Amino acid sequence: MKLWSGMLSGDLDKFAEEFNSSIKIDQRLVFDDIKGSIAHVKMLRKTGILEKNEADQIIKGLEVIKQKLLDGSLKVDLTSEDVHTFVESALIDEIGELGKKMHTARSRNDQVTTDLKLNLRDESKEILKLLKKYINVLCKKAKENKDTIMPGYTHLQAAQPVTFAHHLMAYSMMGLRDLERLEDYKKRLNFSPLGACALAGTTYPIDREFTVKELGFDSLMQNSMDAVSDRDYILELQSVLSIIGIHLSRLSEELIIWSSQPYHFVKIDDKFSTGSSIMPQKKNPDMAELIRSKSARLIGNMNQSFVMMKGLPLAYSKDMQEDKESIFDSVDTIKMALEVMAGQIETLTVNKEKMLKACKDGFLNATDVADYLVNKGLSFRDAHHISARLVKYGIENNKGLDEIELGIYKNESELFEEDIYDEIDIIKCVNERKSLGGPAKSEVERQIKFVQEKIR
Ligand code: ARG
């Protein structure tokens, strides 16, 4: 029998029953539901809405249910309508008729969003930890690669030399913003909807401040209709997780490129690679590819949440039951992706020689040839043209800029002297780029310190 079956005649259609049920998804909230219910019943006791001994028995019953679920002697009944009806039925089974008093001055509408907030608050803490771990791995790898010169790209065309550390630190900065977004979203999540009841509060003398404290909320939602209708916290979390997913997908894409032939900049550890069933030489970056595609899943989930909420009239509508599957999926997805990415970076082998060679082959010091002339008084535009002609010469004669004879340089400009070779030394080119945020070793060391202090 349904808890609400009082005025409805007969049973639900078999398919409607299944369609209506959310227990398979929201069973995940069972401990949050018990926690919220215990706080609610304590409040009923404190305000005298329930007799002390009644409330005590209910609380004890809820604790027993929790224990039984933990030790496996009670299983969530998957034929229940949802997690709330399951807990209430289990309570009635446990302590009898008195269990029916638990739902006084409450509705599933304020209950479900309270549960979900408690759950997502805990989940965000987990994600935060994983995010910090991942950022820390980036910093550690960066520390080992402060001297690892590699090509920096724009348009995926070799542009200027940077270091692998500098490149990794770019991702750690994205991670820092992700951390901040996650912290920030929690500020708006942490308001209690409990006590809004169905939509219009209650005539019982409830004490909403009491449950705020019991459940660790910062404050309470000020309007009961808003309290039961609001799912902004889901939209925000979906957005935050999608952005993290996008960052991870970009790094994945780079790992895929860097580990491919003819790059060979990095080797992804065997622990994170798979082979081909037909081509014996193959080692595939499956984990990076999966993380890349998981970002699509996160964006899909985010989109589902937004479209579900769009145009919903106040207050609760059953549409909102569909808020859970996608947010739980996003939470699980990002947790896995962060773990796998951290492991992948930690175990990554870096091929320093290949990276350096790619810098030499790619004329990455062409800007420095121009800068050399600018320092001697030429305008940058003219210097740019001269450098471009030297690059052209290099390509035609299969020579790097450091291999072109001084005579050729002098043909282009009398300003060139022997010291040009010093100035265009790739390592020097990197380490002279000391401007704040740049790739110079001293500067990247500062960035690493900056990030590590933030995540402490
Ligand atoms: N299972 C429902 C959900 O997840 C709980 C709230 C049901 N409220 C209602 N009035 N039918 O949204």
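Here, the structure is the one placed above.
Below: a short report on this structure.

## Section: the overall build of the protein
- In terms of regular secondary structure, the protein is built from 19 helices and six strands.
- A globule of 456 residues ought to have a C-alpha radius of gyration of about 23 Å, yet the protein, at 31 Å, is considerably larger.
- Each principal axis of the C-alpha distribution contributes one length, and for the protein these read about 100 × 50 × 40 Å.
- Looking at the 456 residues of the protein, the share that counts as buried comes to 48%.

## Some remarks on the site of the ligand
- By nearness alone, every residue bordering the ligand is listed as S22, D26, D82, H84, R108, N109, V112, Y316, Q321 and K324.
- In this structure, an oxygen atom belonging to the ligand sits 2.4 Å away from a side-chain N or O atom of Y316.
- Q321 is positioned such that a nitrogen or oxygen atom in its side chain is 2.7 Å from a nitrogen atom of the ligand.
- Coverage of the ligand by the protein chains reaches 87% of its 340 Å² of free accessible surface.
- Considering each element in turn, the shell around the ligand owes the most residues, three residues, to helix α6 (residues 108-144).

## Here's the deal with the pairing of strand β1 (residues 149-154)
- Both β1 and strand β2 (residues 157-163) contribute to a ladder of six bridges, which runs antiparallel. Bridging from a neighbouring strand, Y153 pairs with A158 of β2.
- Linking two consecutive strands that pair antiparallel, namely β1 and β2, is a turn of two residues; a positive phi of about 60° is found at H155 within it.

## Let's talk about empty space enclosed by the protein
- Scanning all chains against the criterion turns up one cavity of 30 Å³ or more.
- Its volume calculated, the largest cavity comes out at about 30 Å³.
- For the largest cavity, the full set of lining residues is H40, M43, A105, L194, G195, I206, R208 and T211.
- Put simply, the parts of the chain that give the lining of the largest cavity at least two residues each are α3 (30-46) and α8 (208-214).

## So, the packing of α3 against α6
- It is at 9 Å that the axes of α3 and α6 come closest, and there the two elements cross at 120°. For the element pair α3 / α6, the angle class is oblique. Crossing geometry of α3 relative to α6 is assigned as right-handed. Contacts between α3 and α6 involve D32, D33, K35, G36 and S37 from the first element and Q111, D115, L118, N119, R121 and D122 from the second.
- In the contact of α3 with α6, the residues fall into one nonpolar, four polar and six charged.

## Topic: the pattern of salt bridges
- According to the stated counting rule, one finds 39 salt bridges in the structure shown.
- Between K42 and E214 there is a salt bridge; the shortest N-O distance is 3.4 Å. Taken together, the residues K42 in helix α3 and E214 in helix α8 connect sequence positions 172 residues apart.
- What makes K42 partly exposed here is its relative accessible area of 25%.
- Taken together, the shared-partner salt bridges connect R28, E123, D332 and K335 into one network.

## With respect to a negative patch on the surface
- On the surface, a cluster of negative charge is contributed by D402, E403, E418, D419, D422 and D425.
- On the secondary structure map, D422 appears in helix α17 (residues 420-423).

## Regarding the nonpolar core
- L120, Y134, I135, F164, L248 and L338 are the most contacted members of the largest nonpolar core, which totals 84 residues.
- A per-element tally of this core places α6 first, with 12 residues.
- In this structure, F164 is in contact with N145, T148, M150, W258, V266, L348, V350 and M355, ignoring residues within four places of it in sequence.

## Let's talk about helix α11 (residues 286-309)
- Along its 24 residues, α11 runs 35 Å from first to last C-alpha, staying within 8% of the 34 Å computed at 1.5 Å per residue.
- Residues of α11 that are buried make contact with α9 (224-229), α10 (232-259) and α12 (323-346).
- Just beyond α11, the residue with positive phi is G311, at close to 80°.

## Considerations on the environment of D218
- Checked against the element boundaries, D218 lands in the loop between α8 and β4 (219-220).
- If we ignore the near neighbours within four places in the chain, the residues touching D218 are N190 and V212.

## Thoughts on the side chain of S295
- For S295, the location among the structural elements is in helix α11.
- Residue classification places S295 among the buried positions, given a relative accessible area of 8%.

## Some remarks on α10
- For α10, spanning 28 residues, the distance from its first C-alpha to its last is 40 Å, which sits close to the expected 40 Å at 1.5 Å a residue.
- Counting buried residues in α10 gives 21 out of 28 residues, a clear majority hidden from the surface.

## Observations concerning the side chain of R433
- As for its placement among the helices and strands, R433 is situated in the loop between α18 (426-431) and α19 (441-454).
- Here D368 takes part through its side chain, which lies 3.1 Å from a polar atom of the side chain of R433.
- Polar contacts involving the side chain of R433 include one to the main-chain carbonyl oxygen of C429, which spans 3.0 Å.
- Those residues in contact with R433, other than ones at most four positions away along the chain, are Q160, T367, D368, G438, P439 and A440.

## A short note on a nonpolar patch on the surface
- Side chains of L199, M225 and L314 sit close together on the surface and give an oily, nonpolar patch of about 260 Å² of accessible area.
- Here M225 lies in helix α9.
- We classify M225 as partly exposed; its relative accessible area is 34%.

## What about the packing of aromatic side chains?
- Scanning the entire structure with this criterion turns up six aromatic pairs.
- Considering the side-chain rings of Y153 and Y263, the 6.4 Å spacing of their centres and the 50° angle between planes classify their relative orientation as tilted. Of this pair, Y153 sits in strand β1 while Y263 sits in the loop between α10 and β5 (266-267); the two residues are 110 residues apart in sequence, bridging distant segments of the chain.
- Of the residues examined, Y153 reaches a relative accessible area of 25% and is grouped as partly exposed.

Criteria and cut-off values
Residues numbered from 1 in each chain as written. Predicted model: local features only at pLDDT ≥ 70, side-chain atom pairs only at ≥ 80, totals over all residues. Heavy atoms only, no water. Helix = DSSP H or I, 4+ residues; strand = E, 2+ residues; numbered from the N terminus. Rg over C-alpha atoms; globule rule 2.2 N^0.38 Å. Buried < 20%, exposed > 50% of the residue type's maximum accessible area, 1.4 Å probe, protein only. Near = heavy atom within 4 Å. Polar contact = N/O pair within 3.5 Å; in protein donor to acceptor, adjacent residues only side chain to side chain. Areas by Shrake-Rupley, 256 points an atom, 1.4 Å probe, with all protein chains shown as cover. Pairing = 2+ DSSP bridges. 1 Å grid on protein atoms, 1.4 Å probe; cavity = no way out; pocket = protein on both sides within 12 Å on 5 of 7 lines; lining within 4 Å. Points joined across faces, edges and corners; volume = space filled by probe spheres on them. Axes fitted to C-alpha atoms, helices over the stretch in contact; angles between N-to-C directions. Parallel < 35°, antiparallel > 145°, perpendicular 65-115°, else oblique. Left-handed = near helix turned anticlockwise from the far one by under 90°. Contact = heavy atoms within 4.5 Å. Nonpolar A, V, L, I, M, F, W, Y, C, P; charged D, E, K, R; others polar. Salt bridge = Lys/Arg side-chain N within 4 Å of Asp/Glu carboxyl O. Patch = residues over 30% accessible without salt bridge, like charges linked within 9 Å, V, L, I, M, F, W, Y side chains within 5 Å. Lys, Arg positive; Asp, Glu negative; His and termini not counted. Charge placed at Lys NZ, Arg CZ, Asp CG, Glu CD. Core = buried A, V, L, I, M, F, W, Y, C linked by side-chain atoms within 4.5 Å. Expected span 1.5 Å × (residues − 1). Phe/Tyr/Trp six-rings, centres within 6.5 Å; stacked < 30°, edge-to-face > 60°.

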